[in-house]
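# Structural overview
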Amino acid sequence: MCGACCYLKPDEREDLDDYLSGEQLSQYMDLVGEDGWCINFDHSRRECRIYNERPRFCRVEPETFWEMYEIDSDQFNDFAIDCCHEQIDSVYGQDAAEMKRYQREVG
Ligand code: SF4
Ligand code: SF4
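Values in this document were obtained by computation on a predicted structure and should not be read as measured data.

Reading the values: the criteria
- Residues numbered from 1 in each chain as written.
- Chains lettered and ligands numbered in written order.
- Predicted model: local features only at pLDDT ≥ 70, side-chain atom pairs only at ≥ 80, totals over all residues.
- Helix = DSSP H or I, 4+ residues; strand = E, 2+ residues; numbered from the N terminus.
- Rg over C-alpha atoms; globule rule 2.2 N^0.38 Å.
- Buried ≥ 20, exposed ≤ 12 C-beta atoms within 10 Å, placed from the backbone.
- Contact = placed C-beta atoms within 7 Å.
- Near = placed C-beta within 6 Å.
- Nonpolar A, V, L, I, M, F, W, Y, C, P; charged D, E, K, R; others polar.
- Expected span 1.5 Å × (residues − 1).
- Axes fitted to C-alpha atoms, helices over the stretch in contact; angles between N-to-C directions.
- Parallel < 35°, antiparallel > 145°, perpendicular 65-115°, else oblique.
- Left-handed = near helix turned anticlockwise from the far one by under 90°.

## A closer look at the overall build of the chain
When helices and strands are tallied, the chain shows five helices and two strands. Going from the N terminus to the C terminus, the chain shows its helices and strands as α-α-β-β-α-α-α. Taking 107 residues into account, the globule formula puts the C-alpha radius of gyration at 13 Å, and the chain, at 14 Å, falls close to it. Viewed in the frame of its principal axes, the chain has a C-alpha envelope of about 35 × 35 × 25 Å. A buried classification covers 9% of the 107 residues belonging to the chain. The contacts in the chain between residues at least 6 apart in sequence include a share of 47% that link residues at least 24 apart.

Listed below in structure tokens is the structure:
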């Protein structure tokens, strides 16, 4: 996992309250560490420490994307890939190794 989507700094995420409920937004804010990264992100392993119990909004799954963005299953893959590109670009940069790896693996 590249981990870019675990960088949660709220000022760099537009419209959080459009797609998260009040309860989810408060859960989200509780995860934001001082450096903007999720407190559950293990940087050395690039893993989520609570993967099996991670919040619903962390799950890149058709059902969650429908709930949050009203993206149906036909559009899910393209939308998720765009989200990853945007997030990897914003966290690591367009020319970063993380982006190259992602493009190699996903296209
Ligand atoms: S590849 Fe996408 S979903 Fe996976 S960690 Fe990176 S930004 Fe998140
Ligand atoms: S809970 Fe896990 S998957 Fe969700 S943002 Fe934090 S580290 Fe990433």
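So, next bit.
## Re the site of ligand 2
Around ligand 2 sit Cys6, Leu8, Leu31, Cys38, Asn40, Phe41, Cys48, Ile50, Arg54, Pro55 and Cys58, and those are all the residues in its vicinity. Here the shell around ligand 2 is composed, by residue class, of nine nonpolar, one polar and one charged.

## With respect to helix α4 (residues 73–91)
A rise of 1.5 Å per residue sets the reference length of α4, with its 19 residues, at 27 Å; its end C-alpha atoms lie 27 Å apart and thus fit the reference within 8%. For α4, the set of buried residues is Gln87, Ile88 and Val91. Against α5 (97–106) lie the buried residues of α4. Just downstream of α4, Gly93 is the residue with a positive phi angle, here 100 degrees.

## Considering the site of ligand 1
Looking at ligand 1, the residues that line it are Met1, Cys2, Gly3, Ala4, Cys5, Val60, Cys84, Gln87, Ile88 and Tyr102. The leading source of residues in the shell around ligand 1 is α4, at three residues. Across the shell around ligand 1, the residue classes tally to eight nonpolar, two polar and no charged.

## Side note on the environment of Thr64
Relative to the elements of secondary structure, Thr64 occurs in helix α3 (residues 62–69). When residues no more than four places from it in sequence are discounted, the contact partners of Thr64 are Arg56, Phe57 and Arg59.

## Quick look at unusual backbone geometry
One non-glycine residue, Arg46, lies in the positive phi region at around 55 degrees. Among the structural elements, Arg46 can be located in the loop between β1 (41–42) and β2 (47–48). Although it is not a glycine, Glu70 sits at a positive phi angle of roughly 55 degrees. When you line up the elements, Glu70 lands in the loop between α3 and α4.

## Examining the environment of Lys9
As for its placement among the helices and strands, Lys9 is situated in the segment before α1 (16–19). The spatial distance from the C-alpha of Lys9 to the C-alpha of Met29 is 8.9 Å, given a sequence separation of 20 residues. Among residues more than four places away in sequence, those in contact with Lys9 are Val32 and Gly36.

## Brief notes about the packing of α4 against α5
The interhelical angle for the contact between α4 and α5, taken along N-to-C directions, is 165 degrees, at an axis separation of 10 Å. Relative to α5, the element α4 is oriented roughly antiparallel. The hand of the α4/α5 crossing is left-handed. Residues Ile81, Cys84, Ile88 and Asp89 of α4 form the contact with α5, whose participating residues are Glu98, Met99, Tyr102 and Val106.

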